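What follows is each chain in one-letter form.
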Amino acid sequence: MTSAYIAGAGMVRFGKFGPEITFEVMAKGAARAAMQDASVERSMIEAVYVGHVFGGPVAGQRVAVELGLGGLPVSNLENYCASGATALREAWMAIRAGAYDVVLVIGAEKMTDRVKGGVAPDPSDLDAMQGYVMAAGHALSAKRYMADHGATREQIAAVAVKNHQHSVHNPYAQYQKPVSLDEVLNARPVAEPLGILDCSPISDGAAAVVVCSEAGLRRLGISGKRPVIRGIGLTSGTLRVGLYDLNEEDISRRAAQMVFDGAAVDPSDIDLVEMHDCFTIAEIVRMEGVGLIPRGEGAAWTARGDTSIGGRLPVNPSGGLLSRGHPVGATGVAQVCELYWQLTGRAQGRQVEGARIGLSYCKGGTVSGTDGGSVSTVIMGI
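Predicted, not measured: the structure shown is a model, and the values here were computed from it.

Draft legend 1. Quick peek at the confidence of the model for the chain. In this model, the chain carries a mean pLDDT of 96, and residues with pLDDT of at least 70 account for 100%. Across the chain, the secondary-structure element scoring lowest on mean pLDDT is helix α4 (residues 126-129), at 79, and the one scoring highest is strand β9 (residues 272-274), at 99.

Have a look at this one:
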């Protein structure tokens, strides 16, 4: 199978926008930026893959027409927060199989006119019927983690402080101001022990990448190095019965093993991570779940600065979901854009020096009785 490369990346700034900034407007803006970055003409694009959750029927086709790409094969992918990464996976598989040489992948979401408060599970979700919604689940996760590993509330809050500091240097981030530890600890409560600054915001935004085979790179006239997609993992949750460890993260372990095996990469080879930090505690337990931090040490790593830019293993140099924002269908592609900029030395004030291999992770949705809806993992290298 041929390799698949990221030839160009583009985003629009994440935020909360009025009705004049539509799903199509954002997706088109990100796609045009990615195409310009890759120096690709519309006639060179062979297929379009679009990840979204709330975009409505044939959202990808609506965007394709706006881009002048009507008539092409267009695939719409929905895997909740992992939708964008799932779209990338389908494009990656098609390139590797030889079906196409140049494709466009878009992740986009307009949430502010569709979501009020937290995102709602499916009405049939038995857990949600009992009040076990996402905020409640992550609050219990934090309480359990503190009890099991002696972590402090301040150590968990340090994730938000770190990610907001990183996003100061990200022009695409929804929030570009630092927050103090006291601000996180004293923010409006959401679910004990988590407050509003421990939670990712409701966001609008879009991100896009152009994915090419080696032949596609030559067609675009690209002779320099471009990051190669070394592997993509995708797993879904399994049924849990009886007593279980709330923070065991089996779904994350399986997704990580899939991508590490497929990419022939060891966890120790990873130079930076874009981690799905929908809540502060989520970054900690998922970094441990994928085997990048020893079990029970994630909170201490964060508080010591080990996961900050310049630290042992930088996590979320983009600012992550907490500060870059979390338009759910766009997040997986936005993470890949950040890896692309980091690996090509174009991340400016948030650059991780010497970055050669990066990993991104998304966990999307819940299914009652399981340990999650879907998890995507992507490894890219230069």
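Draft legend 2. Summary view of the side chain of T86. Considering the arrangement of structural elements, one finds T86 in helix α3 (residues 83-96). In this view, T86 contacts L77, N79 and L234; residues no more than four positions away in its chain are not counted.

Draft legend 3. Representation of the nonpolar core. Y49, L88, V209, V211 and I229 are the most contacted members of the largest nonpolar core, which has 36 residues in total. Among the elements of the structure, β1 (5-11), β2 (47-51), α3, β4 (102-110), β7 (204-212), β8 (228-236), α13 (331-343) and β11 (374-381) are those that each provide at least two residues to this core. For this core, the leading source of residues is α13, giving 8 residues. Counting 33 residues, the second largest nonpolar core, distinct from the first, contains A7, M35, V48 and A206.

Draft legend 4. Unusual backbone geometry, seen in detail. A cis geometry characterises the amide bond from E192 onward to P193, with omega recorded as 10°. By secondary structure assignment, the location of P193 is in the loop between β5 (189-191) and β6 (194-195). Here E249, not a glycine, exhibits a phi torsion of approximately 60°, which is positive. Classification of E249 as buried rests on a relative accessible area of 10%.

Draft legend 5. Here's a closer look at the pattern of salt bridges. Taken as a whole and judged by the stated rule, the model has 17 salt bridges. Linking E66 and K28 is a salt bridge whose minimum nitrogen-to-oxygen distance equals 3.2 Å. Taken together, the residues span a long stretch of sequence, with E66 in helix α2 (residues 59-66) and K28 in helix α1 (residues 23-38) at a distance of 38 residues. With a relative accessible area of 39%, E66 lands in the partly exposed category. Each of the salt bridges in this network shares a partner with another, and the network as a whole consists of E46, D101 and R219.

Draft legend 6. Highlighting the packing of α1 against α2. At a minimum axis distance of 9 Å, the contact between α1 and α2 shows a crossing angle of 60°. Taken together, the axes of α1 and α2 lie oblique to each other. The element α1 and its partner α2 pack so that their crossing is right-handed. Two secondary-structure elements touch here, α1 through F23, E24, A27, K28 and R32 and α2 through A59, R62, V63 and E66.

Draft legend 7. Up close: the pairing of β2. For β2, a buried count of 5 out of 5 residues is recorded, marking the element as mostly surrounded by other parts of the structure. Taking every second residue as pointing to the same face, both faces of β2 are buried, with A47, Y49 and G51 on one and V48 and V50 on the other. Sheet topology note: the β2/β4 ladder contains 5 bridges and is parallel. Note that in β4 the partner of V50 across the bridge is I106. Note: β2 against strand β3 (residues 74-77), 4 bridges, orientation parallel. Across the sheet, Y49 pairs through a bridge with S75, a residue of β3. Each parallel crossover has a hand, and for β2 linked through α2 to β3 it is right-handed.

Draft legend 8. Spotlight on the environment of V74. Considering the arrangement of structural elements, one finds V74 in strand β3. Separated by 16 residues in the primary sequence, V74 and E90 have C-alpha atoms spaced 11 Å apart.

Draft legend 9. Focus on the packing of aromatic side chains. According to the stated counting rule, one finds 2 aromatic pairs in the structure shown. Judged by centre distance (6.3 Å) and plane angle (85°), the ring pair of F54 and Y80 falls under edge-to-face. With a gap of 26 residues between them, F54 in the loop between β2 and α2 and Y80 in the loop between β3 and α3 connect regions that are remote in the sequence. Judged by centre distance (5.2 Å) and plane angle (5°), the ring pair of Y172 and W341 falls under stacked. With Y172 in the loop between α6 (153-167) and α7 (181-185) and W341 in helix α13, this pair connects stretches of sequence that are 169 residues apart. A relative accessible area of 26% means that Y172 is categorised as partly exposed. Given the relative accessible area of 6%, W341 is considered buried.

Draft legend 10. Fine view of the side chain of R153. Within the secondary structure layout, R153 lies in helix α6. Taking relative accessible area as the criterion, R153 reaches 15% and is therefore assigned buried. Only 2.5 Å separates the side chain of R153 from the side chain of D198, close enough to count as a polar contact.

Draft legend 11. Up close: helix α9 (residues 250-263). The terminal C-alpha atoms of α9 lie 20 Å apart, and with 14 residues this matches the ideal 20 Å at 1.5 Å per residue to within 8%. Next to the buried residues of α9 lie β8, α10 (280-289), β10 (357-364) and β11.

Analysis parameters
- In this convention, every chain numbers its residues from 1, walking through the sequence in written order.
- Where totals are concerned, whole chains, interfaces and linings use all residues; where local detail is concerned, this predicted model gives features only for residues with pLDDT of at least 70, and gives and counts side-chain atom pairs only at 80 or more.
- The side-chain values count all of the structure's non-hydrogen atoms but skip hydrogen atoms and water molecules.
- As a per-residue quantity, pLDDT reports the predictor's confidence and falls between 0 and 100.
- Numbering goes from the N terminus for both helices and strands, where a helix is a DSSP run of H or I of at least four residues and a strand is a run of E of at least two.
- By definition, residues are in contact when any of their heavy atoms lie within 4.5 Å.
- Take the buried Ala, Val, Leu, Ile, Met, Phe, Trp, Tyr and Cys residues and link them wherever side-chain atoms come within 4.5 Å; each set so joined is a nonpolar core.
- Categorising residues by exposure relies on relative accessible area from a 1.4 Å probe, with only protein chains included: less than 20% of the type maximum marks a residue as buried, more than 50% marks it as exposed, and the intermediate range marks it as partly exposed.
- Any carboxyl oxygen of Asp or Glu that lies within 4 Å of a side-chain nitrogen of Lys or Arg is treated as forming a salt bridge with it.
- To define axes, lines are fitted to C-alpha atoms, for helices over the stretch in contact only, and angles between the resulting N-to-C directions are given on a 0 to 180 degree scale.
- Every angle not falling under 35 degrees, over 145, or within 65 to 115 is termed oblique; those three ranges are roughly parallel, roughly antiparallel and roughly perpendicular.
- Left-handed describes a crossing whose near helix is turned anticlockwise from the far helix by less than a right angle; the clockwise case is right-handed.
- In this description, strands pair whenever DSSP reports at least two bridges between them.
- The path from the first strand over the helix to the second decides the hand: if it runs clockwise while the strands point away from the viewer, the crossover is right-handed.
- Think of it this way: a Phe, Tyr or Trp ring, Trp meaning its six-membered ring, pairs with another when their centres are within 6.5 Å, and the plane angle makes it stacked under 30 degrees, edge-to-face over 60, tilted otherwise.
- A 3.5 Å cut-off defines polar contacts: any pair of N or O atoms within that distance qualifies, except that in protein one atom must be a possible hydrogen donor and the other a possible acceptor, and neighbouring residues in sequence count only when both atoms are side-chain atoms.
- How far a helix is expected to stretch is found by multiplying one less than its residue total by 1.5 Å.

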